[in-house]
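Chain by chain, the residues run as shown.
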Amino acid sequence: MTAPAPATPHIAGPHSGPDAVSRVRTDLFIDGTWTPAASGERFEVVNPATGEVLARVADADATDARRALEIAAAHQGDWAATSPRYRSEILYRANQLIMARVDEIAAVMTAEMGKPLAEAKGEVAYGAEFFRWFAEEAVRIGGDSTTTGDGSHRIVVTRQPVGPCILITPWNFPLAMGTRKIGPAVAAGCTMVLKPAELTPLTTLLLAEILVEAGLPPGVLNVVTTSDPSTVVTEWMESGLARKISFTGSTEVGKLLLRQAAGTVMRTSMELGGNAPFIVCADADVSRAVDGLMFAKMRNIGQACTAANRVFVHRSVIDEFTDAFAAKMSALRVGDGAAEGVQVGPLVESKAVEKVSALVSDAVAKGARVVCGGENPDGPGFFYPPTVLTGVGLDADLTRTEIFGPVAAIIPFGTADEPDDPAADDEVLALANDTPWGLVGYLFSQDVDRCARLSAALETGMVGVNTGTVSNPAAPFGGVKESGLGREGGRVGIEEFLDMKYTATPIPRR
C-alpha cells in the first residue's frame, strides 16, 4: 500500500476538539491513497456551535468520481475472491480500533455535527457494533441444494457479491450510517465508492483511516467528498459500472436516485424520510411514556428520521403528560456539544434553524400553544431550544413534514371522560397512518391486546412498543411506503449486497 501523505493543514475552533480534528486527513481516499481533488478545489466544514471553519476538505468533481468508481470496479474480482474469514477479521479489527478511539472519534463528530459528546460516544459504540455484527455474518453466507421433482437435475443455489456499490450517507449520524453500509458490503465481498454528506465529511474520513489500519486492501473502499453531490452521484449512477446503491436521506432525493437506478437496473436500498407517530393511550404508564418520548424526540437533537414527529396523546391523560414532558424539556441544558454537561447541541446549519422556526410559527398561527421554548436564542451558532407545542392542529405544516429539530407537537385524540372508548383506537390509527411515510411508529399502552392490535395496524416498517428506541444492529432497519426500500442491519442486512445464483447440473441416470 502506498505510504500515507502528510495531513492537510486545518483551521479548528477553540471548543471543538481541535487536536482530534487537526489529525483527520482531508483529501480524497482513492485506491488506498490520499489525494487532492483533480481541480485542487476545497470546501469548508463548519462547527455548528460557533460558525467557525473546522477544515477545508477536497472538493471532488465528475473526474474524481469516475476514477474512484473505476478503481472500485477494477478491484471487485480480487476482493470477491477473498475468503469470508479474511473479510470477517478485518471487520473485527475495525470494531476494536473504533472502540479504542472513542474519545477521538466523538470529538470530531461533535465538532462537525454538533451533538453532545456523550451522545457522540454513544453513536461510536453503536456504529462499531455494525462491524462486529457483519463480521459474524460474513462467515454465515449460505446457500441451498436440492433436486428437481423429476430427479433429473441437481439445483445448487449460491450467493455472490452484487458488485461495486455506491454508498451515500447523511450528516446526522456520520459514523453509524457509514458502518451500517460499509459493514455488510465488506462482509459480502463488494467494493465501494462512498460519498459522505458535505456538512459532516470528517468522521467518514477518519473511519477510512481506521479501516486501512484494520487491513482493508486498497481500492475496496473509496471515499469521495464533494460540495456538488449531484454531479458526483450522477456520474456514478450513469456509469454502468456500479451494481448497487445504498442511500440514506430525503424521500425527494431517493425518488430521483430510483429513477436513475432504473437506467441500469441497479439494486437499491433506500432509507428515506419519516413522519413518526408517537401514541400515548389512555391506559399508558405516563412516566414511562414521557421518558420514551424524551429519547424518541431528542435523540440527536431531534435530527433523526426515527424522531417522534406527531405526538398523539389521549385527552384523558394529555394534561398530566404535557406537564411532565415540558418540565423535562425545559430542564435540558443547551450549548456547545463539546462543553461538559450540555444535553442539547446546535442544529447542523442555519437553514435547519430557519426551517424549525418557520414550522413553529406556522403551528402557533394555526392555534397551537407554546408550552416551553419556541424562540431563537441570541448569539453565535445554530441553536434552537427544546420546544413543546400543545393543541397542534392537523393543518399545521409540521404534521406533514419531518421537523428535524427539538420540537414536540402534541396532538389530542379520544374523549377525556371516556378513556375506554374503543373508537379512540380507530381514531388515532387513522391519524397515525395518514401520511405517505412509514418508517417507524411508537406506541405506549399497558394493555397487551391493544399493543398487539395497534402495532399490527400501524403502517410502518418498525414499531417501538413501550420504548422510544428501535435502532439496533441486530434488527432489520427500514420502512414502507415512501420511507424506503430494503433493510439495513439484522440477518437480512447482508442479503442486500448479495445476488442469488442458481446452477442446474444433470444427475446421471444409472
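Predicted model, so just to flag it, every value in this text is computed and none were measured.

Peer 1: Would you mind showing me how to read the overall build of the protein chain here?
Peer 2: Within the protein chain, the secondary structure is distributed over 14 helices and 22 strands. Relative to its length of 510 residues, the protein chain is compact, with a C-alpha radius of gyration of 24 Å against a globular reference of 24 Å. Out of the 510 residues belonging to the protein chain, those deemed buried represent 56%. Look at the contacts in the protein chain between residues 6 or more apart in sequence, and 73% of them connect residues 24 or more apart. If the 44 positive side-chain charges of the protein chain are averaged to one point and the 62 negative ones to another, these points end up 8 Å apart.

Peer 1: Sorry if this is basic, but what is going on with the sheet that holds strand 6 (residues 153-161) here?
Peer 2: One key point about sheets: their strands pair by backbone hydrogen bonds, in either a parallel or an antiparallel sense. Across the sheet, which stays open at both edges, the three strands sit in the order 5-6-22 with antiparallel pairing between neighbours. Two strands lie at the open edges of the sheet, namely strand 5 (144-147) and strand 22 (498-506), each paired on one side alone. Each strand of the sheet is rotated relative to its neighbour by a mean of 20°, with strand direction disregarded. Bridging between strand 6 and strand 22 involves nine bridges; their strand directions are antiparallel. Looking across to strand 22, one finds that Pro161 is bridged to Leu498.

Peer 1: Is there a simple way to explain the UniProt feature "domain: Aldehyde dehydrogenase" (unreviewed entry) in the protein chain in this structure?
Peer 2: Under the feature "domain: Aldehyde dehydrogenase" (unreviewed entry), the UniProt entry names residues 34-502. What you have in residues 34-502 is 38% helix and 20% strand, and the ends, taken at the C-alpha atoms, are 40 Å apart.

Peer 1: What am I meant to see in the packing of helix 3 (residues 84-100) against helix 5 (residues 117-138) here?
Peer 2: Between two packed helices, both the angle of their axes relative to each other and the distance between the axes serve to describe the pair. Close contact between helix 3 and helix 5 brings their axes to 8 Å; oriented N to C, the two are set at 165°. Judged by the angle between their axes, helix 3 and helix 5 are roughly antiparallel. Seen from above, helix 3 lies across helix 5 with left-handed handedness. Packed against helix 3, whose contacting residues are Pro84, Ser88, Leu91, Tyr92, Ala94, Asn95, Ile98 and Met99, the element helix 5 presents Val124, Ala125, Ala128, Glu129, Phe131, Arg132, Phe134, Ala135, Glu136 and Ala138 at the interface.

Peer 1: I keep staring at the layout of surface pockets and nothing clicks. Help me out?
Peer 2: One way to see where empty space is left: roll a probe the size of a water molecule over the atoms. Estimated volume of the largest pocket: approximately 1,200 Å³. If you go around the largest pocket, you meet 46 residues; those closest to its centre are Trp171, Phe247, Gly249, Ser250 and Val253. Here the element with the most residues in the lining of the largest pocket is helix 9 (residues 251-262); it accounts for six residues. Grouping the amino acids of the lining of the largest pocket by side-chain chemistry returns 23 nonpolar, 13 polar and 10 charged. Residues from two domains meet in the lining of the largest pocket; each of domain 1 (17-272 + 487-499) and domain 2 (276-472) gives at least three. Considered as a void within the structure, the second largest pocket measures approximately 310 Å³ in volume. Looking at the second largest pocket, it is lined by 14 residues, and the ones nearest its centre are Glu119, Met294, Phe295, Met298 and Arg299. The set of elements that each furnish at least two residues to the lining of the second largest pocket consists of helix 5 and helix 10 (286-298). When residues in the lining of the second largest pocket are grouped by element, the largest group, four residues, is from helix 5. Of the residues that make up the lining of the second largest pocket, three or more belong to each of domain 1 (17-272 + 487-499) and domain 2 (276-472).

Peer 1: Any chance you could explain the domain arrangement of the protein chain here in plain terms?
Peer 2: The parts lose accessible area when they come together, and the size of an interface is often stated as this lost area. Partitioning the protein chain into domains gives domain 1 (17-272 + 487-499) and domain 2 (276-472). Between the C-alpha centres of domain 1 and domain 2 the distance comes to 31 Å. On the side of domain 2, 28 residues touch domain 1, which itself brings 20 residues to the contact. Taking both partners together, domain 1 and domain 2 bury about 1,900 Å²; carbon and sulfur atoms supply 61% of that area. Here domain 1 is connected to domain 2 by zero salt bridges. There are seven residue pairs in polar contact (both at pLDDT 80 or more) connecting domain 1 and domain 2.

Peer 1: Would you explain the sheet that holds strand 16 (residues 407-413) in this entry?
Peer 2: Spatial ordering of the open sheet is given by 14-15-16-13-12-18-19, a layout of seven strands whose pairing is mixed. For this open sheet the edge positions go to strand 14 (369-372) and strand 19 (462-465), each flanked by a neighbour on one side alone. Taking each pair of neighbouring strands and ignoring which way they run, the sheet shows an average axis angle of 25°. Examined bridge by bridge, strand 12 (residues 276-280) and strand 18 (residues 440-444) share three bridges and lie parallel to one another. For Ile279, the partnering residue across the bridge sits in strand 18 and is Leu443. Packing against the sheet, helix 12 (residues 350-365) makes contact with strand 14, strand 15 (387-390) and strand 16, and its axis sits at approximately 25° to strand 15.

Peer 1: Would you mind showing me how to read the environment of Phe130 here?
Peer 2: With respect to the secondary-structure elements, Phe130 resides in helix 5. The sequence separation of Phe130 and Thr191 amounts to 61 residues, and the corresponding C-alpha distance is 17 Å. Look past the residues within four positions of Phe130 in its chain and what remains in contact with it is Ala176, Thr179, Arg180, Pro473 and Gly489.

Peer 1: Explain the pairing of strand 11 (residues 267-271) to me, please; I cannot follow it from the model alone.
Peer 2: On any regular strand, side chains alternate: one points to one face of the sheet, the next to the other face. When you tally the buried positions in strand 11, you get four out of five residues, the bulk of the element. Of the strand pairs in this sheet, strand 10 (residues 244-248) and strand 11 are connected by five bridges, and their pairing is parallel. Among the inter-strand pairings, Ile245 is bridged to a residue of strand 11, identified as Thr268. Here two bridges tie strand 11 to strand 21 (residues 484-485), and the two strands are oriented antiparallel to one another. Bridge pairing in strand 21 places Met270 opposite Leu485.

Peer 1: Hey, could you run me through the packing of aromatic side chains in this one?
Peer 2: When we look at a pair of aromatic rings, we describe it by the centre distance and by the angle of the planes. Across all of its chains, the model carries seven aromatic pairs by this definition. With centroids separated by 6.3 Å and ring planes inclined at 65°, the aromatic side chains of Trp79 and Tyr86 adopt a geometry described as edge-to-face. Directly above the ring of Phe477 sits Arg180, whose terminal nitrogen or CZ lies 4.2 Å from the centroid.

Peer 1: Please explain the side chain of Ser88 as it appears in this structure.
Peer 2: Relative to the helices and strands, Ser88 is located in helix 3. Discounting chain neighbours no more than four positions away, the residues touching Ser88 are Ala135, Ala138 and Val139.

Peer 1: I'm lost on helix 14 (residues 448-457) in this one. Help?
Peer 2: Since there are 3.6 residues in each turn of an α-helix, residues three or four apart along the chain are aligned in direction. Along helix 14, the residues that are buried comprise Arg450, Cys451 and Leu454. Here the buried residues of helix 14 occupy an arc of 100° about the axis, which is enough to place them on one side. Set apart from the buried face of helix 14 by more than 90 degrees, the exposed residues are Val448, Asp449 and Ala456. Of the surrounding elements, those touching the buried residues of helix 14 are helix 13 (423-433), strand 18 and strand 19. One side-chain oxygen of the residue at the start of helix 14 lies 2.9 Å from the amide nitrogen of Asp449, identifying that residue as Asp447.

About the criteria used
- Residues numbered from 1 in each chain as written.
- Predicted model: local features only at pLDDT ≥ 70, side-chain atom pairs only at ≥ 80, totals over all residues.
- Heavy atoms only, no water.
- Helix = DSSP H or I, 4+ residues; strand = E, 2+ residues; numbered from the N terminus.
- Rg over C-alpha atoms; globule rule 2.2 N^0.38 Å.
- Buried < 20%, exposed > 50% of the residue type's maximum accessible area, 1.4 Å probe, protein only.
- Contact = heavy atoms within 4.5 Å.
- Lys, Arg positive; Asp, Glu negative; His and termini not counted.
- Charge placed at Lys NZ, Arg CZ, Asp CG, Glu CD.
- Pairing = 2+ DSSP bridges.
- Axes fitted to C-alpha atoms, helices over the stretch in contact; angles between N-to-C directions.
- UniProt positions renumbered as here; feature names shortened; annotations may be inferred.
- Parallel < 35°, antiparallel > 145°, perpendicular 65-115°, else oblique.
- Left-handed = near helix turned anticlockwise from the far one by under 90°.
- 1 Å grid on protein atoms, 1.4 Å probe; cavity = no way out; pocket = protein on both sides within 12 Å on 5 of 7 lines; lining within 4 Å.
- Points joined across faces, edges and corners; volume = space filled by probe spheres on them.
- Nonpolar A, V, L, I, M, F, W, Y, C, P; charged D, E, K, R; others polar.
- Domains from an automatic or database assignment.
- Buried area = accessible area lost by both parts, 1.4 Å probe.
- Salt bridge = Lys/Arg side-chain N within 4 Å of Asp/Glu carboxyl O.
- Polar contact = N/O pair within 3.5 Å; in protein donor to acceptor, adjacent residues only side chain to side chain.
- Phe/Tyr/Trp six-rings, centres within 6.5 Å; stacked < 30°, edge-to-face > 60°.
- Lys NZ or Arg CZ within 6 Å of the ring centre and 35° of its normal.
- Arc of directions from axis to C-beta.

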